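# Chain and residue survey
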Amino acid sequence: GLYHISLKYKQNEKKDLPVFKRVSVDGEVPFQELRDYAFPYTGSAYRNETLTAGKEKAWIYLEEGSHTLTLESTASPYFGANENLLRVINRINDIALQIKMITGNKVDKERDWNIIEYVPALDEDLLKCADILSGEYEELSRITKKTDNYVLSSLKMAADRLRSFAADPDRLVNNLDQLYLGGDSVTQQIAAILPEMLNQPLAVDCIYITGGEELPA
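Residues numbered from 1 in each chain as written. Predicted model: local features only at pLDDT ≥ 70, side-chain atom pairs only at ≥ 80, totals over all residues. Heavy atoms only, no water.

## With respect to helix H3 (residues 153-167)
In this model, H3 (15 residues) spans 22 Å end to end at C-alpha, consistent with the 21 Å of a helix rising 1.5 Å per residue. Contacts made by the buried residues of H3 are with helix H1 (76-103), helix H2 (122-144), helix H4 (169-173) and helix H5 (186-191). (Helix = DSSP H or I, 4+ residues; strand = E, 2+ residues; numbered from the N terminus. Expected span 1.5 Å × (residues − 1). Contact = heavy atoms within 4.5 Å.)

The following block contains the structure:
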């Protein structure tokens, strides 16, 4: 017959990012929506979640007998963002290395470098990196369905800082710690998000197979 599958779950580790699971029955994913199924933050309490397809509760056909329900952790909705953010980190590291080679890795606040003469595409590269960060902020906000996301706000701050340096590249020469390696640098702000995306913790208390009856609290 046709049944709803519901899980009583707790997800209390990722407040701003949902956890994703691939849901399969007897080794098969019944609907495309269950390939990357989002489980939002619940806090310390358990919450009932009836699997949906589109905006409707999913009816799943089960023959008489025993069946195997599998929840497999998957971070695939975040894979594109993860690759792009790593690409930005690598590009910023390359930019920092270029500047250090030119300046001899010395800080001289009395000298005017006119660094664009030595690295002509510096401002363009910084703006490209900033645009990638802004794009990933928008995409991740769409995935998480939150625009006031504390975790993702670091991407906005990092993009703003890159645009500020692009507008005044000479200021970057003596402030490389704000670009990379420093505790509050652009690369550290980006790197802090990566494990948040890839970690997919979820606790399941029980599973309900119902024909549409009301679930226990």
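Picking up where we left off.
## Brief notes about the side chain of Ser-24
Within the secondary structure layout, Ser-24 lies in strand S2 (residues 19-25). Discounting chain neighbours no more than four positions away, the residues touching Ser-24 are Val-29, Pro-30, Thr-68, Leu-69 and Thr-70.

## Focus on the pattern of salt bridges
Counted according to the given criterion, the structure contains 6 salt bridges. The salt bridge partner of Asp-94 is Arg-91, with a shortest N-O separation of 4.0 Å. Highlighted residues: Asp-94 and Arg-91, both in helix H1, separated by 3 residues, approximately one helical turn. One salt bridge connects Arg-142 with Glu-139, and the closest N-O pair in it is separated by 2.6 Å. Remark: Glu-139 and Arg-142 occur in helix H2; sequence separation between them is 3 residues, near one turn of the helix. A relative accessible area of 31% means that Glu-139 is categorised as partly exposed. (Salt bridge = Lys/Arg side-chain N within 4 Å of Asp/Glu carboxyl O. Buried < 20%, exposed > 50% of the residue type's maximum accessible area, 1.4 Å probe, protein only.)

## Concerning the sheet that holds S2
Strands sit in the order S3-S2-S8 across an open sheet of 3 strands; the sheet is antiparallel. Each edge of the open sheet carries a strand with a single partner, namely strand S3 (37-39) and strand S8 (69-73). Sheet twist, expressed as the mean angle between neighbouring strand axes with direction ignored, is 40 degrees. Bridge count between S2 and S3: 3 bridges; the pairing is antiparallel. Bridge assignment links Lys-21 to a residue of S3, and that residue is Tyr-37. (Pairing = 2+ DSSP bridges. Axes fitted to C-alpha atoms, helices over the stretch in contact; angles between N-to-C directions.)

These figures come from the coordinates and say nothing about function on their own.
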